[in-house]
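Listed below, chain by chain, are the residues.
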Amino acid sequence: MIGARAGSDRYAEEYAERFARLAAEGGDPHGEARFCDALLARGSRVLDAGCGTGRVAARLAELGHTCTGVDVDPAMLAVARRTAPGPDWHLGDLVALDAVGLTPGYDLIVAAGNVVPLLAPGTEEAVVAQLARLLRPGGLLVAGMGLDPAHLPLDEAPFGAREYDEWCAAAGLERHVRYAGWDGEPFEPGAGYLVAVHARPAEPLLPEHL
């Protein structure tokens, strides 16, 4: 992912502390996990792609799912391993997931927190394809991402909802639903945030003329 930071160890701690403060102040830091949990049967296998400090995977594990997290930042993973020992944490680059040695067959893969827009430019389609291959037939890819500078740590969005749909389609995934946030707000043209759910078909896709 782009945007590697100097003093990354401290940045990882501050990131985790921000969500801890939110919870202490009565806020809800688990919108992504709640959204994903509603799509799953209890005890499902979940991959948190770009898991950071592990907030989403840790909460899904608390809700009864078997969770794995992958992130390229060792400082972020150090926080995850210290604060949430339940999930299986892996250091790895999403563009080279084969090297991580994950077992395919996930019921759901979640990429929250602007993971896809912050990938190295030009690697997005390859990452989506690798994530799609790790899903079981009928499994879901859930991604949340900003579509404008107000929802991104970037000066401009590197792509839009249409491009993301195209990468998913090229990976053999079908669009299931779109929202404008993790609380299920309707997605309208011009929305600044996208939560997209794509599914790996339970049966192979066939040409329309067959």
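Cut-off values and rules
Residues numbered from 1 in each chain as written. Predicted model: local features only at pLDDT ≥ 70, side-chain atom pairs only at ≥ 80, totals over all residues. Heavy atoms only, no water. Helix = DSSP H or I, 4+ residues; strand = E, 2+ residues; numbered from the N terminus. Contact = heavy atoms within 4.5 Å. Salt bridge = Lys/Arg side-chain N within 4 Å of Asp/Glu carboxyl O. Disulfide = S-S within 2.5 Å. Pairing = 2+ DSSP bridges. Axes fitted to C-alpha atoms, helices over the stretch in contact; angles between N-to-C directions.

J.: Would you take a moment to explain the environment of Ala180 for this structure?
T.: Note that Ala180 resides in the loop between β6 (174–179) and β7 (193–199). In sequence terms Ala180 and Gly190 are 10 residues apart; their C-alpha atoms lie 9.9 Å from each other. What Ala180 contacts, discounting residues up to four positions off in sequence, is Glu185, Pro186, Phe187, Ala191 and Tyr193.

J.: Hey, could you run me through the pattern of salt bridges in this one?
T.: A side chain with one charge may pair with a side chain of the opposite charge, provided their charged atoms come close. Tallied over the entire structure, the rule returns 9 salt bridges. Overlapping salt bridges bring together Arg162, Glu163 and Glu166 as one network.

J.: Would you explain the state of the cysteines in this entry?
T.: Enumeration over the complete set of coordinates arrives at 0 disulfides. Residue Cys36 stays outside any disulfide, its sulfur separated by 9.5 Å from that of Cys67, the closest cysteine.

J.: Help me understand the sheet that holds strand β3 (residues 88–91), please; the structure alone is not making it clear to me.
T.: Strand pairing in a sheet relies on backbone hydrogen bonds. The paired strands run either parallel or antiparallel. If you walk across this open sheet you meet the 7 strands as β3-β2-β1-β4-β5-β7-β6, and the pairing is mixed. Two strands in the sheet have a free side with no partner beyond their single neighbour: β3 and β6. Sheet twist, expressed as the average angle between the axes of neighbouring strands with direction ignored, equals 15°. By the bridge criterion, 5 bridges tie β6 to β7 in an arrangement that is antiparallel. Bridge pairing links Glu174 to Ala199 in β7. Together, β2 (66–71) and β3 form the strand contacts of helix α4 (residues 74–83), whose direction differs from that of β3 by roughly 165°.

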